[in-house]
Amino acid sequence: MNARTVACVAAVITGLAVVYTVALLLAMPDPDWAYPARGVIHVGELATFVALGLSGAAGTGLLGRLGIGVGVLGALLLAVAEVITLSAPATSETLFAIAPTLVGLGLVLAGIAVVRTGRWTGWRRWVTLALGVYVFAVLTPLIITSGGPPAYAAVVGLLGWQVLWVLIAVAVLVETERPALSLPTP
């Protein structure tokens, strides 16, 4: 699998997450059975990390590899936390306390690596680091002060989070070359 394919999957899933979050802001009811679907949203974020790693934008050094690895672990834990919310609420709550920090740390480390490698240009060079900083400077304080979803401020914070995930997936698509088309020889 290549970076562009994984980035397409990530862009679709995180794009749907943006739509879902906007619907929540417009007072769409959020049923209990939505937890597994929200787990899929975190799989989309995990796919974004994988696409970023496959793209080579974070380089091959320890910083980029560590950032991608920590981020993947955090996104995986977020997906599990969503899926088990009703069946194991205490475990889910613990995972929700740990996983966003891992995702944010992974994004900061990978984001620094992306900036340092200089393989991406313009806003795309900065978007991974921006999301990592956003986790600690905006999202986490909003979640803590509002009490978390379904509080309006928390959902607005999650909307920003989702938009930035989409932008990372788009950055992979824009900055990664398409595989060469090879035509069969007669």
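Residues numbered from 1 in each chain as written. Predicted model: local features only at pLDDT ≥ 70, side-chain atom pairs only at ≥ 80, totals over all residues. Heavy atoms only, no water.

Novice: Looking at this structure, how should I read the packing of aromatic side chains?
Specialist: The geometry of an aromatic ring pair is captured by two quantities: the separation of the ring centres and the angle between the planes. Overall, the coordinates contain two aromatic pairs when judged by the stated rule. Ring plane angle 70 degrees and centroid distance 5.3 Å describe the contact between phenylalanine 49 and tryptophan 165, whose orientation is recorded as edge-to-face. Of this pair, phenylalanine 49 sits in helix H2 (residues 35-55) while tryptophan 165 sits in helix H6 (residues 152-175); the two residues are 116 residues apart in sequence, bridging distant segments of the chain. Judged by relative accessible area, which is 1%, phenylalanine 49 ranks as buried. Residue tryptophan 165 is classed as buried on the basis of its relative accessible area of 1%. Aromatic side chains tryptophan 161 and tryptophan 165 sit 5.5 Å apart centroid to centroid with 80 degrees between the ring planes, which places their arrangement in the edge-to-face category. In this pair, tryptophan 161 and tryptophan 165 both sit in helix H6, four residues apart, roughly one turn of the helix. Both residues of the pair, tryptophan 161 and tryptophan 165, belong to the buried class. What links up through ring pairs into an aromatic cluster is the set Phe49, Trp161 and Trp165. (Phe/Tyr/Trp six-rings, centres within 6.5 Å; stacked < 30°, edge-to-face > 60°. Helix = DSSP H or I, 4+ residues; strand = E, 2+ residues; numbered from the N terminus. Buried < 20%, exposed > 50% of the residue type's maximum accessible area, 1.4 Å probe, protein only.)

Novice: I would appreciate a short explanation of unusual backbone geometry in the present structure.
Specialist: Glycine aside, residues mostly have negative phi angles, and peptide bonds mostly take the trans form. Here the residue pair proline 149 and proline 150 is connected by a cis peptide bond, since its omega of 15 degrees sits within 30 degrees of zero. Among the secondary structure elements, proline 150 is positioned in the loop between helix H5 (127-146) and H6. Positive phi, close to 75 degrees, is recorded for alanine 27, a residue that is not glycine. Within the secondary structure, alanine 27 sits in the loop between helix H1 (3-25) and H2.

Novice: I'm lost on the pattern of salt bridges in this one. Help?
Specialist: Where charged atoms of side chains with opposite charge meet at close range, the side chains can pair. Under the criterion given, the structure shown has three salt bridges. Taking the shortest distance from any N to any O, the salt bridge between arginine 38 and glutamate 82 comes out at 3.4 Å. Remark: glutamate 82 occurs in helix H3 (residues 62-83) and arginine 38 occurs in helix H2; sequence separation between them is 44 residues. Notably, a salt bridge pairs arginine 124 with glutamate 175, separated by 2.6 Å at the nearest N-O pair. A residue pair is termed long-range when its members are at least 10 positions apart, and arginine 124 in the loop between helix H4 (89-117) and H5 and glutamate 175 in helix H6 qualify at 51 residues. The network of salt bridges with shared partners includes Asp30, Arg38 and Glu82. (Salt bridge = Lys/Arg side-chain N within 4 Å of Asp/Glu carboxyl O.)

Novice: How should the nonpolar core be read in this particular structure?
Specialist: Counting residues in hydrophobic clusters, the biggest one holds 34 residues, and the most contacted among them are Leu52, Val103, Leu107, Trp120, Leu131, Trp161 and Trp165. Of all elements in the fold, only H1, H2, H3, H4, H5 and H6 reach the threshold of two or more residues within this core. Counting residues per element, this core draws most heavily on H6, at seven residues. (Core = buried A, V, L, I, M, F, W, Y, C linked by side-chain atoms within 4.5 Å.)

Novice: I'm lost on the side chain of threonine 21 in this one. Help?
Specialist: Checked against the element boundaries, threonine 21 lands in helix H1. Excluding its chain neighbours within four sequence positions, the residues that come into contact with threonine 21 are Val155, Leu158, Leu159 and Gln162. (Contact = heavy atoms within 4.5 Å.)

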